[in-house]
Amino acid sequence: MPTHRLPAALLLHLLLSAASSSSLTDPNWEPATATWYGSPDGDGSDGGACGYGSLVDVRPLKARVGAVSPVLFRDGEGCGACYKVRCLDEGVCSRRAVTVIVTDECPGGYCSNGRTHFDLSGAAFGRMAVAGLGSELRDRGEIQVVYRRTKCKYARKNIAFHVNEGSTDYWLSVLVEFEEGDGDIGSMHIKPTSSEDWLEMKHVWGANWCIIGGPLKGPFSLKLTTLSTQRTLSARDVIPRNWSPKATYTSGLNFY
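The protein has the name Expansin-B17 in an unreviewed UniProt entry, where Acorus calamus is given as its organism. The heading Function (unreviewed entry) in the UniProt record of the protein holds the text "May cause loosening and extension of plant cell walls by disrupting non-covalent bonding between cellulose microfibrils and matrix glucans. No enzymatic activity has been found. May be required for rapid internodal elongation in deepwater rice during submergence." Quoted verbatim from the Sequence similarities (unreviewed entry) field of the UniProt record, the comment on the protein reads "Belongs to the expansin family. Expansin B subfamily."

Here it is in structure tokens:
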């Protein structure tokens, strides 16, 4: 997958909204349940309902992915959010919490009827156990856990924008990757080179946003507003004039 890195001179400053003083991290743990899927020591399923595709198979997402019930998935707006999850059985569980990233939804079974549930990769699930007891913990099936939101951290990564396959000058769809801090997206705007105004993009599914209009001519600037704390970040001309579908364009910015 090709990556286009812009010169630093073309990157817009980071803007923090007035709501930036609000805190994402909640020190209080909330009750939930958890299961695991895939192979016992595996990294979880390929892809998922957030649309991250093969990113879930490589670091920094590798082995940290998880599916969540609809109350946390939020019709896809919860994609990218990070949680600490800790199990409670003192006989087999350590006091160590595992950090997971929402990459998928589990809509039925344990995740139905308004329950708060995490369906974790086998590797993430096993990390909650006392050393050497990962297999025993997985044998328990559904377990009681506590969880809380935490800030997402992607070492040496900046926010990237993947132009989805099928995008044209009249329908542009973008997937957002590696958002630190809140991890989630509440709204997204785009400014084509021909426009003086920010144009609202529509949430399509998962972490994918689109705009219909045209002809849409690059370069494009993009502005993100997080769902949780309404922080704002703008990247100037991050998608170039000669953009192409299936390409990923990396900004020089992130929420720190």
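Q: Is there a simple way to explain the confidence of the model for the protein in this structure?
A: Keep in mind that low pLDDT regions are not for reading the predicted coordinates in detail. Mean pLDDT over the protein stands at 85; residues scoring 70 or higher make up 85%. Predicted confidence is poor over residues 1-22, with pLDDT under 50, and the contacts of this stretch with residues over four places away or in other chains come to 44 contacts.

Q: Help me understand the packing of aromatic side chains, please; the structure alone is not making it clear to me.
A: In this description, an aromatic ring pair is defined by two values, namely the gap between the centres and the angle between the planes. Counted under the stated rule, the structure contains five aromatic pairs. Aromatic side chains Tyr83 and Phe118 sit 5.5 Å apart centroid to centroid with 70° between the ring planes, which places their arrangement in the edge-to-face category. Residue Tyr83 is located in strand E4 (residues 82-87), and its partner Phe118 is located in strand E6 (residues 117-121); the two are separated by 35 residues in the primary sequence. Phe118 gets classed as buried once you look at its relative accessible area, which sits at 1%. Summarising the aromatic geometry, the rings of Tyr154 and Phe178 are spaced 5.7 Å apart at their centres and angled 70° between planes, so their arrangement reads as edge-to-face.

Q: Whenever I open this one, the pattern of salt bridges confuses me. Can you help?
A: Once their charged atoms are close, side chains differing in charge can pair, the charge on each being opposite to the other. Going through the model one piece at a time under the given rule, you end up with six salt bridges. Between Asp169 and Lys217 there is a salt bridge whose closest N-O contact spans 3.4 Å. Here Lys217 lies in the loop between strand E13 (208-212) and strand E14 (220-225) and Asp169 lies in the loop between strand E8 (160-163) and strand E9 (171-177), a separation of 48 residues in the sequence. Taking relative accessible area as the criterion, Asp169 reaches 28% and is therefore assigned partly exposed. Overlapping salt bridges, with partners in common, bring together Asp89, Glu136 and Arg140 in one network.

Q: Can you walk me through the sheet that holds E4 in this structure?
A: Paired through their backbone hydrogen bonds, the strands of a sheet run either parallel or antiparallel. Spatially, the six strands close up into a barrel ordered E2-E6-E3-E5-E4-E7, and their pairing is mixed. Neighbour to neighbour, the strand axes of the sheet diverge by 45° on average, direction disregarded. Where E4 meets strand E5 (residues 98-105), four bridges bridge the pair, whose relative direction is antiparallel. Bridge pairing in E5 places Lys84 opposite Thr99.

Q: Where do I start with the sheet that holds E14 in this structure?
A: Strand order in the open sheet formed by four strands is E11-E10-E14-E15, and the pairing between neighbours is antiparallel. A single partner strand is all that each edge strand has here, and the edge strands are strand E11 (199-200) and strand E15 (232-239). Two elements, strand E10 (residues 187-191) and E14, share five bridges in a ladder whose sense is antiparallel. Looking at E14, one finds that Met188 is bridged to Leu224.

Q: What's the story with the nonpolar core in this structure? I'm lost.
A: The biggest cluster of nonpolar side chains holds 35 residues, and the ones touching the most others in it are Tyr83, Val85, Val100, Phe118, Met128, Leu137 and Ile143. Elements that contribute at least two residues to this core include exactly strand E2 (30-37), helix H1 (70-73), E4, E5, E6, helix H2 (122-126) and strand E7 (143-150). Discounting residues that sit within four places of it in the chain, Ile143 has contacts with Ala32, Thr33, Ala34, Cys87, Phe125, Met128 and Leu137. With 25 residues, the next largest nonpolar core counts Ile159, Met201, Trp209 and Leu233 among its residues.

Q: Could you clarify how one ought to interpret the pairing of strand E3 (residues 65-68) in this entry?
A: Look at any regular strand and the pattern is simple: side chains alternate between the two faces of the sheet. Across the two faces of E3 the burial is the same, with Val65 and Ala67 and Gly66 and Val68 all buried. Sheet analysis places E3 next to E5, joined by four bridges and oriented parallel. By the bridge assignment, Gly66 is partnered in E5 with Val102. In this sheet, E6 lies alongside E3 in antiparallel orientation, the contact comprising three bridges.

Reading the values: rules and limits
- Residues numbered from 1 in each chain as written.
- Predicted model: local features only at pLDDT ≥ 70, side-chain atom pairs only at ≥ 80, totals over all residues.
- Heavy atoms only, no water.
- UniProt positions renumbered as here; feature names shortened; annotations may be inferred.
- pLDDT = per-residue confidence, 0-100.
- Contact = heavy atoms within 4.5 Å.
- Phe/Tyr/Trp six-rings, centres within 6.5 Å; stacked < 30°, edge-to-face > 60°.
- Helix = DSSP H or I, 4+ residues; strand = E, 2+ residues; numbered from the N terminus.
- Buried < 20%, exposed > 50% of the residue type's maximum accessible area, 1.4 Å probe, protein only.
- Salt bridge = Lys/Arg side-chain N within 4 Å of Asp/Glu carboxyl O.
- Pairing = 2+ DSSP bridges.
- Axes fitted to C-alpha atoms, helices over the stretch in contact; angles between N-to-C directions.
- Core = buried A, V, L, I, M, F, W, Y, C linked by side-chain atoms within 4.5 Å.

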